[in-house]
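# Overview (structure and organization)
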Amino acid sequence: MQIFDKQVVTTICMLLCINTFGQSPANPYNENLVPYRNVEGKWGYLDAGTGKVVIPARYYRVELFKGNTALVVNEKMPPHARAVELYGLIDTSGKELIPVTHDYVHPVKARSGDELDDLYHFSGEEGWGIAKADGQWLIAPGEYSDDNNGYPNYEFYDRDRYLVNNRFYFENGQKYQPPTGHRIERVDRDNRFFHITPGDSPYQKGLSDWRGNILLPATYMEIRVYAEDNRIIASGDDTFSDDDLAFIARVDEIGEKNLNEADAATLQALIEKVEKREAAGRLVENHLFDLNGKEIARFHTQYLPIAFDGVIVAERRSPTGNDYFSFVDGSPMPPHQAGKGNWRVFKDEQGLCGLADPAGKIVLPARYRSLSFYDKDRIVAHNPAAQGEDYWHQHLGVINTKGEVIVPFEYRQLWPMEDAQSFIALHKDHMGYGVIDARGNIVIPFLYEGHLSFSDGLAIVQDSVYNQGVIDTLGREVIPLAYSKIYRTLDVEPLNNRDPGRLLNVDRYFKVERDGLWGMLDRHGREVIPMAYGLIFTAGESFERRWVEVSDPTMARKGLVNILTGVTIAPQYKDIFPLGNVIKVTLPESHFYELLDTEGNLLPGGPYTKMEYERKGHGCFIAEKEGKFGGLDIDGKTLLPFVYDRLHYASPGLFQAQKEGRYFFVNREGREYIAHHRSH
């Protein structure tokens, strides 16, 4: 709903999203000073208690104070040009902390995307800068504007840690720089490293400390730091010369389609060069360093390696598998010895899996298609199929670390359940899914179409003729297979239990459909909403209070059912929204608005031609009736009378209003802040 016309929106409201200095989580605004507009159209501030002028009206636009500062705007009228807005920052006495001379301002955001409450980005004739809410410059205007072609380039981790132009890093008031001629690609704050690149090249990477000392020259394509193991893996590709890399960077910049004939031939030659290296199985040259940059070893892999469990692993394409290297000295390791100290599944040259014990001794030879631990001494194994046999003849079973068969190899699919004592299974001789126990005994017969998915002990199942129901982990029908569709609702905490850690103690419901009509059942199969509706909808906040939106069979009208209280509001409205203590409804013919109480009774005061709910602060409604705007509280009672030409929420305690051509603020008690004198 548009509350102000375009001019007034520009005049009053635009800056509300700019100032982010917080006073408290509930109300960040300092409502002791209230903006007022004089008869000349200028803005200043009044004392909220006495109504006296504190800061005279001399600004084209102002914002509410947040803490002890506020953003203000004036206009500059250049000759033969449109008006230019100039921004600045004042304190509660009206003193300009940041002069009102800057032509641009916006919030500063952290890497997380959150706005940093007390920082502003200002730009002006002197360049761009970052100011704190107290008026002190964190980055003075123009201090770094000569870099990056004058465009702002910064990244804030938080208020005290930030990167500027990829060349300067600040932490707790200290300034750090990379080595001369380099840029900071990434800041490793845990280990106090800079990942660096030479100039603007993104393809060559190196590592330095925060003092600017180079640990690894910027000649690698990937660097991974493993501080806990005192190791760094730096990977490069010695296939390409520096000239080759420069050419690749140029191709990346202009695009392959825009190459001339000679450059296209050069690119083709480089591609052939890579293909030859790939065929030789030697693509990546890796260097193993300690954290001081001392080289320990070099080794080659087909793909970039990673490290885990104290071993370096690199994928190999031909033959399929992995290569393993020692994290201590970079030497190659047999697959079964990689990662000593843990049971380890390894692959041989044919891609078959075996098992090594924590000492690196082979206990199961490589003869399985796959091995997957699911418990301390239990492994789901995929037996080797005879050559030429298809998927349906490759069967799964369960073995222990001695290779003894616990569950025979009779299953096309086998998925351990949460208790690790049973399996969702698809038997080789059956078309349906079922459940077996840890010894292979049938718990739930193989009757159901599609993979079974249990959650909190329940699973929606479907038979061969597509009837759906719900069963428990013992196969008992909680909801009979008598419905065309069944959907789980959101799991919600019981109203008497707000502990988010008790994940199993949830209220669960199922939406069910049969013969084109929908209803709802609880986790025990009991009906909570009858099968009488064209559609039912559960939304997060509303459903937490157990409100369920329902529609008539034509889905043209909406109503509500509260499955906790039993209150039913028949589908008769175009739209319906439960909002705390009241329910907002839209009438079907006029599209006007009314409010209901939580029993479905019509509240007095309506209908309203416009209505908007404001969730911030204490919550309220701004509504229009008979051409005038007013305010309602969260109980639907009149907060502000319907006498205003326009009304807009400004803060938890203040509204912006227009009446009889005047623009002013009004508080929740109806006090209007108006001053009639002219500016001086």
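Please refer to the structure placed before this passage.
Described in the following lines is the structure provided in the data block. Counting restarts for each chain: residues are numbered from 1 in the order of the written sequence. Residues qualify for local features only when their pLDDT is at least 70, as the model is predicted, and side-chain atom pairs are given and counted only at 80 or more; totals for whole chains, interfaces and linings, by contrast, use all residues. Side-chain metrics rest on all non-hydrogen atoms present in the structure, leaving aside hydrogens and water.

### Brief notes about the pattern of salt bridges
Worth spelling out the cut-off: When a carboxyl oxygen of Asp or Glu is within 4 Å of a side-chain nitrogen of Lys or Arg, the pair counts as a salt bridge. Numbering goes from the N terminus for both helices and strands, where a helix is a DSSP run of H or I of at least four residues and a strand is a run of E of at least two.
Applying the stated criterion to the full structure yields 24 salt bridges. Note that R161 and D158 form a salt bridge whose closest N and O atoms lie 2.9 Å from each other. The salt bridge partner of E171 is R161, with a shortest N-O separation of 3.6 Å. Here R161 lies in strand β13 (residues 161-164) and E171 lies in strand β14 (residues 168-171), a separation of 10 residues in the sequence.

### Quick word on the sheet that holds β14
Heads up, the rule is: Should DSSP find at least two bridges between two strands, the strands are taken to pair. Lines fitted to C-alpha atoms define the axes, with helix axes restricted to the stretch in contact, and inter-axis angles between N-to-C directions lie between 0 and 180 degrees.
Reading across from one edge, β12-β13-β14-β15 is the order of the 4 strands in this open sheet, with antiparallel pairing throughout. With one partner strand each, in any of the chains shown, β12 (154-158) and β15 (174-176) form the two edges of the open sheet. Averaged over all neighbouring strand pairs, the angle between strand axes comes to 15°, with direction disregarded. In terms of strand pairing, β14 meets β15 through 3 bridges, oriented antiparallel. Considered in β15, the bridge of F170 is made with K175.

### A look at the pairing of strand β38 (residues 458-462)
In this structure, β38 lies alongside strand β39 (residues 468-472), joined through 5 bridges in antiparallel fashion. Note that in β39 the partner of L458 across the bridge is D472. In sequence, β38 turns back onto β39 through a hairpin of 5 residues, with Y466 there showing a positive phi of about 70°.

### Observations regarding the side chain of T586
Stated precisely, the cut-off is as follows: It only takes one pair of heavy atoms within 4.5 Å for two residues to be counted as in contact.
Mapped onto the fold, T586 is located in strand β50 (residues 582-586). Those residues in contact with T586 that lie beyond four places of it in its chain are Y573, K574, D575, H591, F592 and Y593.

### Quick notes on helix α2 (residues 242-254)
We count it as follows: In this analysis, the expected span of each helix is defined as 1.5 Å times one less than the number of residues it contains. Note on exposure labels: buried denotes an accessible area under 20% of the residue type's maximum, exposed denotes more than 50%, and partly exposed covers the range between, all computed with a 1.4 Å probe on protein chains only. By construction, the arc corresponds to the directions joining the helix axis to the C-beta atoms.
The end-to-end C-alpha distance of α2, which contains 13 residues, comes to 19 Å, matching closely the 18 Å that a straight helix rising 1.5 Å per residue would cover. Restricting attention to buried positions, one finds in α2 the residues D244, F247 and V251. On an axial view of α2, the arc spanned by its buried residues comes to 60°, and they lie on one face. Turned more than 90 degrees away from the buried face of α2, the exposed residues are D242, D252 and E253. Directly beyond the C-terminal end of α2, a positive phi value near 95° is found at G255.

### Details of the environment of E449
Relative to the helices and strands, E449 is located in the loop between β37 (442-448) and β38. Once residues within four sequence positions are removed from consideration, E449 is found in contact with Q462, D463 and S464.

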